[in-house]
Amino acid sequence: DPSRLKLDNITIANAQKGKYNVTFNSYGGTPVNSQSVFYNERATVPGNPTREGFIFDGWYTDPELTKPFAFTTAIKENTQLYAKWVLIFYTVAFDSGGGTAVSSQTVFYGGNAINPMPAPTRTGYTFEGWYTDTGLTRSFDFNTVITKYTTLYAKWTLNHYTLTFNSNGGTAVSSQTVGYNNRATEPANPT
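Parameters at a glance
Residues numbered from 1 in each chain as written. Predicted model: local features only at pLDDT ≥ 70, side-chain atom pairs only at ≥ 80, totals over all residues. Heavy atoms only, no water. Helix = DSSP H or I, 4+ residues; strand = E, 2+ residues; numbered from the N terminus. Rg over C-alpha atoms; globule rule 2.2 N^0.38 Å. Buried < 20%, exposed > 50% of the residue type's maximum accessible area, 1.4 Å probe, protein only. Contact = heavy atoms within 4.5 Å. Phe/Tyr/Trp six-rings, centres within 6.5 Å; stacked < 30°, edge-to-face > 60°. Lys NZ or Arg CZ within 6 Å of the ring centre and 35° of its normal. Pairing = 2+ DSSP bridges. Polar contact = N/O pair within 3.5 Å; in protein donor to acceptor, adjacent residues only side chain to side chain. Core = buried A, V, L, I, M, F, W, Y, C linked by side-chain atoms within 4.5 Å.

(A) Region of the structure containing the overall build of the protein. Of the regular secondary structure elements, the protein holds 1 helix and 12 strands. Walking the protein from its N terminus toward its C terminus, one meets helices and strands in the order α-β-β-β-β-β-β-β-β-β-β-β-β. For the protein, whose C-alpha radius of gyration is 35 Å, the value lies well above the compact-globule estimate of 16 Å for 191 residues. If one aligns the C-alpha atoms of the protein with their principal axes, the spans along those axes are about 125 × 35 × 20 Å. In the protein, buried positions account for 30% of the 191 residues. In the protein, 49% of the contacts between residues at least 6 apart in sequence involve partners at least 24 apart.

(B) Up close: the packing of aromatic side chains. Counted according to the given criterion, the structure contains 12 aromatic pairs. Centre to centre, the rings of Phe94 and Trp130 are 5.0 Å apart; their planes meet at 65 degrees, and the pair counts as edge-to-face. Remark: Trp130 occurs in strand S9 (residues 125-131) and Phe94 occurs in strand S7 (residues 89-95); sequence separation between them is 36 residues. Here the two residues Phe94 and Trp130 agree in accessibility, since each one is buried. Among the aromatic residues, those joined into a cluster by ring pairs are Phe24, Phe56, Trp59 and Trp85. Geometry around Phe38 places Lys19 over its ring, the cationic atom sitting 4.7 Å from the centre. Directly above the aromatic system of Tyr125 lies the positively charged group of Arg122, at a separation of 3.8 Å from the ring centroid.

(C) Main features of the pairing of strand S2 (residues 35-38). Residues Gln35 and Val37 of S2 are buried on one face, while the alternating residues Ser36 and Phe38, pointing to the opposite face, are not. Alignment of strand S1 (residues 19-25) against S2, held across 4 bridges, turns out to be antiparallel. Residue Val22 lies in a different strand from S2, and its bridge partner there is Gln35.

(D) The pairing of strand S6 (residues 79-87), seen in detail. In the sheet, S1 pairs with S6 via 4 bridges, with the strands oriented parallel. Along S6, the bridge assignment pairs Thr23 with Gln80. Judged from the 5 bridges that link them, strand S4 (residues 54-60) and S6 form a sheet pairing that is antiparallel. When the sheet's bridge partners are listed, Trp59 is paired in S6 with Ala83.

(E) Highlighting the environment of Asn25. Mapped onto the secondary structure, Asn25 falls in strand S1. Residue Asn25 is classed as partly exposed on the basis of its relative accessible area of 27%. Separated by 73 residues in sequence, Asn25 and Gly98 place their C-alpha atoms 51 Å apart. Excluding residues that lie within four positions of it along the chain, Asn25 makes contacts with Trp59, Gln80, Leu81, Tyr82 and Ala83. Here Tyr27 takes part through its backbone nitrogen, which lies 2.9 Å from a polar atom of the side chain of Asn25.

(F) Highlighting the nonpolar core. In terms of nonpolar packing, the biggest core is built from 13 residues, with Val22, Phe24, Trp59, Phe71 and Leu81 touching the most fellow members. Those elements that provide at least two residues to this core are S1, S4 and S6. Per element, the largest residue contribution to this core is 3 residues, and it comes from S6. Setting aside anything within four residues of it in sequence, one finds Phe71 in contact with Phe24, Arg42, Ala43, Thr44, Val45, Pro46, Trp59 and Leu81. In this structure, Val102, Ala113, Phe142 and Ile146 belong to the second largest nonpolar core, which totals 12 residues.

(G) Molecular detail of the environment of Tyr153. Mapped onto the elements of the fold, Tyr153 is located in strand S10 (residues 150-158). In this structure the C-alpha to C-alpha distance between Tyr153 and Gly97, which are 56 residues apart in sequence, comes to 6.8 Å.

Here you go:
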């Protein structure tokens, strides 16, 4: 068969020209096995490496990651390829729970959110800090490493006010502590 003879001649010619190594530097990602490729043949696209906190963004022929490698390229020499990584960013959102709005922050994987200043305000309440749960039982430490989308919740304590009664020479009337926007209890009339 003439086509088989032609294919055999190409294979023999390639074998005589030798094989070349295509190696993959994953730059901190999971290892990728080297490939042995005949002269003028193509490397096989490997499975993407993974790296915590990063998205794989392709293979490059230079360590500076300026020249993307196309797997349609014929291999004619030993070839080193370099993985490009893009850092993952997450949003840290602040739910002020009825207080003044607080802008969300964009934080890179492994970074820290910044405690928003000034703190939010809410009429009749005192701000007590940021919490990681809606039940407001787990306070958030701003040294915490961010590894996912995060929502923080404001905790508020109701302000209380003292109501005193001046009976102008009558019997004393006890003062009352009343929460913001609540009602005092009517005391007994002084005599």
